[in-house]
Amino acid sequence: MKTLLRIWPFFKSYRLLMFFALLAVIAQSLFTLVVPSLTGLAVDQGVVTHNVNELIFLSGLILLFSFLRGMATFLQFYLGENAAQGVSYQLRKTVYAHIQSLSFGFHDQAQTGELLAHGTSDVEQLRNFTGRGLLMIFNLTLLMLGVTVALLKMDWRLAALSVLILPAIYWRAARFSLTIRPMFRIVQDQIARLATVIQDNAAGMRVVKAFGHEQEEIAHFDKENAALYDGYLDSTRQTAFNTPLLQLMSNVSTLTMLWVAGYLVIVRAITPGELVAFYAYLLQLVGPVARGGFLMAMAARAAASSERILEILDAPIAVANRDDAEQLPPIDGRVEFQDVSCAYHPGRPVLEHVSFVVEPDHMVALVGATGSGKTTVANLLPRFYDVSEGRVLIDGRDVRDVSLTSLRKQVGVVMQETTLFTGTIRDNITFGRPGVDDDTIRRAAKAARADEFIDRLPDGYDTIVGERGASLSGGQKQRVAIARALIMDPRLLILDEFTSAVDVETERLIRAALLELMRGRTTFVIAHRLSTVRAADSILVLARGRLVASGTHEQLLETSPVYRDIHASQLSSTGDDAEPGGVGPEAELASEVAG
């Protein structure tokens with residue numbers, strides 16, 4: 001119950017529904033307890049005495065209370081289910097919002113299928129228990145108390161016998177709960193792993209088919225699916241064994257108590273009507289107790305799901321607004337790193353004591369080997385991660401002192417792996433500024449050199465791009481991403497290897513689009529193209545998390561052995577980077593940005 005109680009605050013908005021549902025449970029229990037007593041009276045005062053009128057009258061009362069019990073049962077489940085649906089709605093909303101607020105560090109480790117299972121299967125298991133199981137347990141508790149009181153009024157020996165036998169049934173149900181709960185946790189974890197396999201395969205279907213790896217992926221899926229099947233079988237085996245055992249214990253207890261009650265009738269300690277009432281009470285009590293295994297299984301599964309949900313909700317938000325965070329006013333774009341160190345994991349720094357200053361409207365190229373810290377420098381600017389030591393300043397303000405929203409609204413990011421969302425091209429361009437007018441959208445698309453292919457599409461800006469933009473080419477997706485960044489009008493721009501996966505002609509179009517995007521903005525570029533590096537106002541050379549050199553292309557060729565090695569081995573040069581006797585694109589790019 002400890003984990004389930006952690007979910008109780010989500011009932012706050014639906015406590016009135018739950019209150020009336022509990023009232024319905026109480027009413028249902030009372031009407032249930034009245035019927036056996038009326039049945040006993042009908043036997044004693046109608047059947048035994050041959051009083052037809054009394055029999056008809058009591059039969060009418062039995063029908064009335066049975067009808068009222070049915071109405072109470074309907075209200076119990078209807079109101080309870082309404083409250084449970086509301087709780088699951090709030091819970092899904094809270095889980096999703098918390099996932100959105102978790103830092104990049106969490107998402108670097110999280111699996112998509114796991115997150116999907118938390119928001120769907122786990123919440124559904126919890127809803128099923130809170131909507132029905134919780135009320136059924138409350139109902140069972142009331143019935144046990146009510147029947148015990150009724151039996152005490154009838155004969156203390158019957159009450160004492162029930163008190164001795166029923167706890168044994170409850171003990172068995174509790175033992176079953178302890179056994180089945182870890183099994184359901186294994187099942188829920190396996191559902192998440194299977195969802196991850198499906199999600200990964202669906203997202204990477206082109207790669208799977210390109211490598212002819214379909215049979216291997218089917219085998220991988222079969223392995224995880226078989227593990228889920230085995231987990232379900234283990235839990236079902238336990239349930240299948242426990243349920244008949246509880247029923248057997250219930251029937252044995254019923255038979256034992258019936259023999260005792262029959263003996264009391266024979267010795268005239270109780271009347272035949274009281275025997276009938278006692279047996280009716282016993283059936284109403286033993287039946288729900290026998291279903292205790294089912295309720296315990298439901299509770300165990302809900303508890304396992306609650307644990308998994310709370311693992312997400314308890315995950316710390318590593319990057320969050322400070323209580324006194326201010327709104328970042330419109331920036332000029334001056335960036336300063338003051339002795340910055342950063343570690344994604346304790347004791348394993350990816351940046352160490354990096355310091356530099358970039359003036360507004362300057363273009364900076366970040367170069368270095370894989371794992372040198374280039375992307376980390378870029379990630380610290382919009383505060384995707386926090387520094388371990390030092391400070392990152394924009395216009396003299398520490399990025400940790402301003403709100404994340406006001407910071408990221410002024411930082412544009414064009415990533416190497418362009419992510420488009422299912423929807424129209426218009427939706428993707430306006431992702432950061434929903435609701436802007438068509439003229440603004442078209443100007444951004446034109447500046448990004450995206451209008452030429454968008455106008456050729458069947459539905460233009462209303463064309464559905466499909467999941468992850470699968471219906472567009474790499475260059476087209478990249479230009480949509482540039483338009484998305486342009487429409488934000490950011491003062492600080494980050495370009496992460498933006499032309500590494502496109503052909504030369506597409507690269508020309510993207511570079512032309514970026515000329516417009518970079519104009520009048522402070523730009524950080526992570527690039528492997530020599531033309532891009534040459535066009536930069538300054539170059540920062542990183543090696544093993546340290547800034548080892550900075551300067552222009554010509555200066556670094558003369559002064560930095562590390563840069564000369566990078567220039568010789570890593571900076572790719574296409575046939576368009578330099579033309580004999582002419583001006584190469586890098587010089588053109590530099591002059592246009594400067595102008």
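A. Layout of the overall build of the protein chain. Check the secondary structure of the protein chain and you find 21 helices and ten strands. When burial is assessed residue by residue, the protein chain has 46% of its 595 residues classed as buried. At a minimum sequence separation of 6, the contacts of the protein chain that also span at least 24 residues come to 78%. By element, 59% of the accessible surface of the protein chain is carried by carbon and sulfur atoms, the whole surface being about 29,600 Å².

B. Structural context of helix α14 (residues 438–447). Buried residues of α14: Thr440, Ile441, Ala444, Ala445 and Ala447, and no others. What you see down the axis of α14 is that its buried residues fit within an arc of 165°, all on one side. Of the residues in α14, the exposed ones pointing more than 90 degrees away from the buried face are Asp439, Arg443 and Lys446. Taking the backbone nitrogen of aspartate 439 as reference, a side-chain oxygen 3.1 Å away marks aspartate 437 as the first, capping residue of α14. Note on α14: the residue one or two positions beyond its end, arginine 449, has a positive phi of about 60°.

C. Region of the structure containing the packing of aromatic side chains. Tallied over the entire structure, the rule returns seven aromatic pairs. With a centroid separation of 5.5 Å and an interplanar angle of 70°, the aromatic rings of phenylalanine 19 and phenylalanine 20 are classed as edge-to-face. Judged by relative accessible area, phenylalanine 20 falls into the partly exposed class, the value being 42%. Both rings, one in phenylalanine 356 and one in phenylalanine 524, keep their centres 6.3 Å apart while their planes meet at 50°; by these two values the pair is tilted. Remark: phenylalanine 524 occurs in strand β8 (residues 522–526) and phenylalanine 356 occurs in strand β2 (residues 348–358); sequence separation between them is 168 residues.

D. Structural view of unusual backbone geometry. Phi at histidine 353 takes a positive value of approximately 50°, unusual for a residue other than glycine. Topologically, histidine 353 is positioned in strand β2. Not every positive phi belongs to a glycine, and arginine 383 is a case in point at roughly 60°. Structurally, arginine 383 is set in the loop between α11 (374–380) and β4 (389–394). Classification of arginine 383 by relative accessible area gives buried; the value is 3%.

E. Just the sheet that holds β4, in detail. With antiparallel pairing, four strands are arranged side by side in an open sheet as β2-β1-β4-β5. On the outer flanks of this sheet lie β2 and β5 (397–398), each paired with one strand and no other. Pairing between strand β1 (residues 335–345) and β2: seven bridges, direction antiparallel. When the bridges of β2 are listed, alanine 343 appears paired with proline 349.

F. Spotlight on the pattern of salt bridges. One pass over the structure, following the stated rule, counts 13 salt bridges. Residue arginine 546 is joined to glutamate 352 by a salt bridge in which the shortest nitrogen-to-oxygen separation is 3.6 Å. Of this pair, arginine 546 sits in strand β10 (residues 546–551) while glutamate 352 sits in strand β2; the two residues are 194 residues apart in sequence, bridging distant segments of the chain. The partly exposed category is assigned to glutamate 352, whose relative accessible area is 25%. One salt bridge in this structure joins arginine 521 and aspartate 489, with 3.0 Å as the shortest N-O distance. Of this pair, arginine 521 sits in the loop between α17 (504–518) and β8 while aspartate 489 is found in the loop between α16 (474–486) and β7 (492–496), placing the two residues 32 residues apart along the sequence.

G. Expanded view of the environment of serine 121. Note on placement: serine 121 falls in helix α5 (residues 112–154). Between the alpha carbons of serine 121 and isoleucine 191 there is a distance of 8.1 Å; along the sequence they are 70 residues apart. Residues within four places of serine 121 in sequence aside, it is in contact with Leu116, Gln188 and Ile191.

H. Spotlight on the confidence of the model for the protein chain. Per-chain confidence: the protein chain averages 78 in pLDDT, with 83% of residues scoring 70 or above. In the model of the protein chain, helix α21 (residues 585–594) stands out as the element of lowest mean pLDDT, 39, in contrast to β4, which has the highest, 93. Under a pLDDT of 50 for its full length, residues 574–595 has, in the predicted model, 28 contacts with residues more than four places off or in other chains.

I. Quick look at the sheet that holds strand β3 (residues 363–368). With respect to topology, six strands assemble into an open sheet ordered β6-β7-β8-β3-β9-β10, the strand pairing being mixed. The sheet is open, and its two borders are formed by β6 (411–414) and β10, each paired with just one other strand. Strand after strand, the sheet turns through a mean of 20° between neighbouring axes, direction not considered. Bridging between β3 and strand β9 (residues 538–543) involves five bridges; their strand directions are parallel. Within β9, the position partnered with alanine 365 by the bridge is isoleucine 539.

J. Highlighting the packing of helix α2 (residues 15–47) against helix α3 (residues 52–101). Two elements in contact, α2 and α3, have axes separated by 8 Å at closest approach and are oriented at 160°. Comparing their axes, α3 and α2 come out roughly antiparallel. Of the two possible hands of crossing, α2 and α3 adopt the one that is left-handed. A breakdown of the residues in the contact of α2 with α3 according to their chemical character gives 24 nonpolar, ten polar and two charged.

Basis of the calculations
Residues numbered from 1 in each chain as written. Predicted model: local features only at pLDDT ≥ 70, side-chain atom pairs only at ≥ 80, totals over all residues. Heavy atoms only, no water. Helix = DSSP H or I, 4+ residues; strand = E, 2+ residues; numbered from the N terminus. Buried < 20%, exposed > 50% of the residue type's maximum accessible area, 1.4 Å probe, protein only. Contact = heavy atoms within 4.5 Å. Areas by Shrake-Rupley, 256 points an atom, 1.4 Å probe, with all protein chains shown as cover. Arc of directions from axis to C-beta. Polar contact = N/O pair within 3.5 Å; in protein donor to acceptor, adjacent residues only side chain to side chain. Phe/Tyr/Trp six-rings, centres within 6.5 Å; stacked < 30°, edge-to-face > 60°. Pairing = 2+ DSSP bridges. Salt bridge = Lys/Arg side-chain N within 4 Å of Asp/Glu carboxyl O. pLDDT = per-residue confidence, 0-100. Axes fitted to C-alpha atoms, helices over the stretch in contact; angles between N-to-C directions. Parallel < 35°, antiparallel > 145°, perpendicular 65-115°, else oblique. Left-handed = near helix turned anticlockwise from the far one by under 90°. Nonpolar A, V, L, I, M, F, W, Y, C, P; charged D, E, K, R; others polar.

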